[in-house]
Amino acid sequence: MNEIRDLIVGIDFGREYSQICYYDRKGEEPRSLSMKVGGSQYEAPTCLCRRTEQKDYCVGLEAEYFAREKGGIMIDDLYGICQKREKVMVAGTETEPWGLLAQFLNGMLKFLGITELVKNTKCIVVTLEELGNIQVENFRKAFSSMGFPEGKYMLQDYAESFYYYVLSQKKEIWNRSVAWYAFTPEKVIFRKLTLNGGTRPVLVKLEDPVETDLNDSDNEQRDADFYTFAKNTLGSELYSSIQIDGEGFDQEWAQKSVKLLCYQKRKVFYGNNLFAKGACAAGAERFLTRKLRDYRYLSSSLVLKDVGMDMRVMGAQAYYPLIEAGRNWYECRAECELILDGTDELIFVASAMGESEKKYIGMRLPGLPKRPNKTTRLDVKLQYISQDECEIMVTDLGFGEMFPSSGKVWKETTRW
């Protein structure tokens, strides 16, 4: 590895296997890290092992070894554990899911071979199949416990990683639609990446998935199943490239279907490091390259409303923005302090992305202490907990020694 500071790291947190890569500034591309020194094995089992003698944790292949040979305690459903808030019993001790996640992330980051990780890291991007509010909560707590502030990590799903992976390639790979076939042993899922060149910025989206079951016992029938599916999904449209990932694909059985995919010299790519590299490319795009500033990915996780407040700023009436539309819900958080002026409620202003019409939403503050005007200071926090729901938390800060804080906190969840 030739990067030692300002690291941009991508981690694919998979159900069964995980991967890690870093952005090579000299080569201008993400590079995968092997799980074995000098080897080419890039996948690590998504598991932890509690080593009983050392009283610590190890990950991946090492975890499997210590569980198998040294009597360590295996924690193998780490992906499922991180979808819940319930504590897990490990070696007789109740452990938080985010605590185990932090141990796993630390273990994966050790493959970088870098000391003072927080100091030498620019950004860590973690990608996983999908992101629910509990998973986001666990990742935030895990990174916080590791000493990483919010600005040094990002989360995204596989679909968004696919977008960044494809658009980080040469333009000839994606100047038209891109086909994506994701395989499992039992089925294949097709999605199409399209670009609307008639808009500015260029809007990029992944169409809804289409899937079919595949025969998993007869290779000839499996090839025939995929051939029919590929013929129906590709149709007569021209594609810049076809991307294939997943353990269920093998050229040994895909004789007939591969010929169809390569018809008219279509570029076909297969690999199992797509998501880790896509996550790494996302970090590089945000903090380094800025090559995609004229493109916008229409994620299914996008927040579609701008949210702010009308208030007096530096003596002048103005709109104060809090949440900006066009970002993923798990990135949308805001906080400000304000002083109430002749009111006992907060009024938020919401408007749909690209539209001028505004909607005003009030939030009452029952039990607010009675004080002279302009002597109540509030802390206002907004945090999205799903694509549509935003949690508002308001805390009474008081006003110096004259009017100490009452300690009152108001919480409300709203759909703008």
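Residues numbered from 1 in each chain as written. Predicted model: local features only at pLDDT ≥ 70, side-chain atom pairs only at ≥ 80, totals over all residues. Heavy atoms only, no water.

**Regarding the overall build of the protein**
Next up, step 1: Check the secondary structure of the protein and you find 9 helices and 26 strands.
Next up, step 2: When each of the 416 residues of the protein is scored for burial, the buried share is 47%.
Next up, step 3: Of the contacts formed within the protein by residues at least 6 apart in sequence, a portion of 63% connects residues at least 24 apart.
Next up, step 4: Accessible surface, the protein as shown: approximately 21,600 Å² in total, 45% of it carbon and sulfur. (Helix = DSSP H or I, 4+ residues; strand = E, 2+ residues; numbered from the N terminus. Buried < 20%, exposed > 50% of the residue type's maximum accessible area, 1.4 Å probe, protein only. Contact = heavy atoms within 4.5 Å. Areas by Shrake-Rupley, 256 points an atom, 1.4 Å probe, with all protein chains shown as cover.)

**Let's talk about the layout of surface pockets**
Next up, step 1: Taken as a whole, the largest pocket encloses approximately 1,200 Å³ of empty space.
Next up, step 2: Around the largest pocket, the lining is made up of 39 residues, and of these Glu129, Tyr158, Ala182, Asp245 and Phe275 lie nearest the centre.
Next up, step 3: For the lining of the largest pocket, the secondary-structure elements that each account for two or more residues are β2 (17-24), α6 (158-167), β12 (177-183), β13 (187-196) and α9 (274-289).
Next up, step 4: Among the elements that take part in the lining of the largest pocket, β13 stands out by supplying 4 residues, more than any other.
Next up, step 5: Grouping the constituent residues of the lining of the largest pocket by class yields 17 nonpolar, 10 polar and 12 charged.
Next up, step 6: Put simply, the second largest pocket is a space of about 640 Å³.
Next up, step 7: Together, 24 residues line the second largest pocket, and Tyr164, Arg286, Tyr295, Arg296 and Gly326 are the ones closest to its centre.
Next up, step 8: Contributions of two or more residues to the lining of the second largest pocket are made by β11 (153-157), α6, α9 and β18 (295-297).
Next up, step 9: Looking at the lining of the second largest pocket residue by residue, the classes come out as 11 nonpolar, 4 polar and 9 charged. (1 Å grid on protein atoms, 1.4 Å probe; cavity = no way out; pocket = protein on both sides within 12 Å on 5 of 7 lines; lining within 4 Å. Points joined across faces, edges and corners; volume = space filled by probe spheres on them. Nonpolar A, V, L, I, M, F, W, Y, C, P; charged D, E, K, R; others polar.)

**Focus on a nonpolar patch on the surface**
Next up, step 1: A contiguous nonpolar surface patch, about 320 Å² in accessible area, is contributed by Val313, Met314 and Tyr320.
Next up, step 2: Mapped onto the elements, Tyr320 comes out in strand β20 (residues 316-323).
Next up, step 3: Looking at Tyr320, the relative accessible area reads 32%, which means it is partly exposed. (Patch = residues over 30% accessible without salt bridge, like charges linked within 9 Å, V, L, I, M, F, W, Y side chains within 5 Å. Salt bridge = Lys/Arg side-chain N within 4 Å of Asp/Glu carboxyl O.)

**Topic: helix α1 (residues 60-69)**
Residues lying three or four places apart along an α-helix face the same way, a consequence of the helix completing one turn every 3.6 residues.
Next up, step 1: All of the buried residues along α1 are Gly60, Ala63 and Phe66. Along the axis of α1, the buried positions cluster into a sector of 110°, meaning they face one direction only.
Next up, step 2: Positive phi shows up at Gly71, right after α1, with a value of about 75°. (Arc of directions from axis to C-beta.)

**Structural notes on the sheet that holds β20**
Next up, step 1: Pairing is antiparallel in the open sheet, where 4 strands are placed in the order β20-β19-β22-β23. Edge positions in the open sheet fall to β20 and β23 (359-364), since each of these has one partner strand only. Within this sheet the neighbouring strands show an average axis-to-axis angle of 35°, counted without direction.
Next up, step 2: Here strand β19 (residues 305-313) pairs with β20 via 7 bridges, running antiparallel. By the bridge assignment, Met309 is partnered in β20 with Tyr320. (Pairing = 2+ DSSP bridges. Axes fitted to C-alpha atoms, helices over the stretch in contact; angles between N-to-C directions.)

**Here's the deal with the environment of Leu378**
Next up, step 1: One can find Leu378 in strand β24 (residues 377-384).
Next up, step 2: Given a relative accessible area of 0%, Leu378 falls into the buried group.
Next up, step 3: In sequence terms Leu378 and Gly398 are 20 residues apart; their C-alpha atoms lie 7.4 Å from each other.
Next up, step 4: Here Leu378 is in contact with Cys336, Glu337, Leu338, Leu340, Leu346, Leu365, Leu368, Val394, Thr395, Asp396, Leu397 and Trp410, once residues within four sequence places are set aside.

**Re the pairing of strand β14 (residues 202-206)**
Next up, step 1: Side-chain alternation along β14 places Val202, Val204 and Leu206 on a buried face and Leu203 and Lys205 on a face that remains uncovered.
Next up, step 2: With antiparallel pairing between neighbouring strands as the criterion, β13 and β14 make up a hairpin whose turn holds 5 residues.
Next up, step 3: Note: β14 against β18, 3 bridges, orientation parallel. Bridge pairing links Leu203 to Arg296 in β18.

**Thoughts on the side chain of Asn273**
Next up, step 1: Structurally, the position occupied by Asn273 is in the loop between β17 (267-270) and α9.
Next up, step 2: A relative accessible area of 17% means that Asn273 is categorised as buried.
Next up, step 3: When near neighbours in sequence (up to four residues on either side) are disregarded, Asn273 contacts Gln19 and Ser32.

**Quick look at the environment of Leu101**
Next up, step 1: Locating Leu101 in the fold gives a position in helix α3 (residues 97-109).
Next up, step 2: Apart from the residues within four sequence positions on either side, Leu101 is in contact with Phe13, Cys82, Asn138, Phe139 and Ala142.

**A closer look at the sheet that holds strand β21 (residues 333-339)**
Next up, step 1: A sheet is described by the order of its strands in space; here 4 strands give the open sequence β21-β24-β25-β26, paired in antiparallel fashion. Both edges of this open sheet fall to β21 and β26 (409-414), since each of them pairs with a single strand only. Neighbour-to-neighbour, the strand axes of the sheet open up by a mean angle of 15°, direction not taken into account.
Next up, step 2: Summarising the sheet, β24 and strand β25 (residues 390-398) pair through 8 bridges and their orientation is antiparallel. The partner of Asp379 across the bridge, within β25, is Thr395.

**Describing the side chain of Ser240**
Next up, step 1: In this fold, Ser240 is placed in strand β16 (residues 239-245).
Next up, step 2: A relative accessible area of 4% places Ser240 in the buried class.
Next up, step 3: Separated by 2.5 Å, the side chain of Ser240 and the backbone nitrogen of Arg176 make a polar contact.
Next up, step 4: Sequence-distant contacts of Ser240, defined by excluding residues within four places in its chain, comprise Glu172, Ile173, Trp174, Asn175, Arg176, Ser177 and Lys267. (Polar contact = N/O pair within 3.5 Å; in protein donor to acceptor, adjacent residues only side chain to side chain.)

**Some details on the pairing of β16**
Next up, step 1: Within β16, 7 of the 7 residues are buried, leaving the element largely enclosed by the surrounding structure.
Next up, step 2: With 6 bridges joining them, β12 and β16 adopt parallel strand pairing. Bridging from a neighbouring strand, Ala179 pairs with Ile242 of β16.
Next up, step 3: Bridging between β16 and β17 involves 4 bridges; their strand directions are parallel. Pairing of Ser241 across the sheet is with Lys267, part of β17.
Next up, step 4: Since β16 and β17 lie parallel, the crossover through helix α8 (residues 255-261) that links them has a hand, and here it is right-handed. (Right-handed = clockwise from strand over helix to strand, strands pointing away.)

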